[in-house]
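Next come the chains, spelled out residue by residue.
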Amino acid sequence: MRDDDRVFKALADPTRRFLLDRLFTRDGRTLTELESELEMTRFGVMKHLRVLEEANLVVARKVGRVKLHYLNPVPIRLVHDRWIDKFTERRVSALTALKRQLEEDSA
Amino acid sequence: MTSTTPTAHAATGASNTSSASSTSDTTQIYRVFIRATPQAIWDAITQPDWTRRFGYGLRDEIELRPGGNFRGHVNDEMIAMGMSGVVVDGEMIEVDPPRRLVMTWRMAIDPRMAAEGFTRLTYEISEGRGGVSRLSVIHDLSGRPAHAAMVAGDQQGPGAGGGWTWILSDLKSLLENGSAMVAPPQ
């Protein structure tokens, strides 16, 4: 699977987006903390976290005896650069062209 | 795909998110996979000829030995804007090319951040399969809220870039395509 595919697949699930939102609000959380905010089994939450880790959207790191989960926004940025910019660029350049033309006309 | 939906917590969580700070003031971790050797990534983050070419484009001066100095000097564009001197500074703690670099790191050009003192920055590089390496940035920002906000990109307008996310995306672009992302035409 391509990196982009993993990111889109990971983001396609509401529970996984919810987990990312929680980490966005406060980063570096344990499984127990994340689990306490979802009505889901520990196993279910672990499964979702694994998909997020495989997509590189979450990085897990052992700090002392606990494993903390961190949000990694880099893949979202890459998807943005690759997919979103591409489709918005034309609109933006059309506007800048219009602006230039209007300014030239009024000059 | 599971059909599980977040519970009632989700609704409150979502409404909190927009007003809550996105910034953790403890540790932030950023990770990117780059189609390059660990040595190429190491050179890009430690050699001034490379550091000029991505991110904020500072001219870095790094003494690659424990206790060595680190200074990121203003680039030509910043000089043209009337800035001068050292933008970031710090000291090498651990130098293990091309795998691991640990240093102290401080935004020296901003008085408020300079007063916060040094943060601890770790780069970890590991080789993966198919010529792809993994670069992790582990930034310990405990008790340094202004630094934490800056490296999270909070002070940049939407789309304006900033922070580690932008720097690492730019580095990936430079090493894989030979050029950093180009600013859109004005």
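The text that follows walks through the structure, step by step, so that each part is easy to find.

The rules we used
- Residues numbered from 1 in each chain as written.
- Chains lettered and ligands numbered in written order.
- Predicted model: local features only at pLDDT ≥ 70, side-chain atom pairs only at ≥ 80, totals over all residues.
- Heavy atoms only, no water.
- Helix = DSSP H or I, 4+ residues; strand = E, 2+ residues; numbered from the N terminus.
- Rg over C-alpha atoms; globule rule 2.2 N^0.38 Å.
- Buried < 20%, exposed > 50% of the residue type's maximum accessible area, 1.4 Å probe, protein only.
- Pairing = 2+ DSSP bridges.
- Contact = heavy atoms within 4.5 Å.
- Axes fitted to C-alpha atoms, helices over the stretch in contact; angles between N-to-C directions.
- Parallel < 35°, antiparallel > 145°, perpendicular 65-115°, else oblique.
- Core = buried A, V, L, I, M, F, W, Y, C linked by side-chain atoms within 4.5 Å.

**Comments concerning the overall build of chain A**
When you go through chain A residue by residue, the secondary structure sums to 5 helices and 2 strands. The linear arrangement of helices and strands in chain A, starting from the amino end, is α-α-α-α-β-β-α. The C-alpha radius of gyration of chain A comes to 20 Å, more than 25% above the 13 Å expected for a compact globule of 107 residues. C-alpha atoms of chain A, sized along the principal axes, occupy 70 × 30 × 25 Å. Looking at the 107 residues of chain A, the share that counts as buried comes to 38%.

**A word on the pairing of strand β5 (residues 100–107) of chain B**
Residues and elements named next belong to chain B. For β5, the buried fraction is high: 6 of the 8 residues fall into the buried class. Bridging between β5 and strand β6 (residues 119–127) involves 6 bridges; their strand directions are antiparallel. From the neighbouring strand, Leu-101 faces β6, where its bridge partner is Tyr-123.

**What about the side chain of Glu-116 of chain B?**
Its location among the elements puts Glu-116 of chain B in helix α5 (residues 111–116). The residues contacting Glu-116 of chain B, other than those within four sequence positions of it, are Arg-144, Pro-145, Ala-146 and His-147 of chain B.

**Section: the packing of helix α2 (residues 14–25) of chain A against helix α4 (residues 42–54) of chain A**
Residue and element names in this part refer to chain A. Two numbers describe how α2 lies on α4: the axes approach to 10 Å, and their chain directions differ by 75°. The angle between the axes of α2 and α4 places the two elements in the roughly perpendicular class. Contact with α2, carried on its side by Thr-15, Arg-16, Leu-19 and Leu-20, involves Val-45, His-48, Leu-49, Val-51 and Leu-52 of α4 and no other residues of that element.

**Notes on the sheet that holds strand β4 (residues 86–96) of chain B**
All names here are of chain B. Pairing is antiparallel across the open sheet formed by 7 strands, whose spatial order is β1-β7-β6-β5-β4-β3-β2. The open sheet has two edge strands with one neighbour each: β1 (27–34) and β2 (59–62). On average, adjacent strands in this sheet sit at an angle of 20° to one another, irrespective of strand direction. Helix α2 (residues 38–46) rests against β1, β2, β4, β5, β6 and β7 (133–140) of the sheet, and its axis sits at about 155° to β6. Contacts from helix α7 (residues 163–177) reach β1, β6 and β7 within the one sheet, and its direction differs from that of β1 by about 15°.

**Points about the nonpolar core**
Residue and element names in this part refer to chain B. Core analysis: the largest hydrophobic core is formed by 40 residues, its most contacted members being Met-103, Trp-105, Tyr-123, Leu-135, Trp-164, Leu-168 and Leu-171. When residues of this core are traced back to their parent elements, those giving at least two are β1, α2, β4, β5, β6, β7, α6 (145–151) and α7. For this core, the leading source of residues is α7, giving 7 residues. Apart from residues lying up to four places away in sequence, Tyr-123 is in contact with Ile-45, Arg-99, Arg-100, Leu-101, Met-103, Leu-135, Ser-136, Val-137 and Trp-164.

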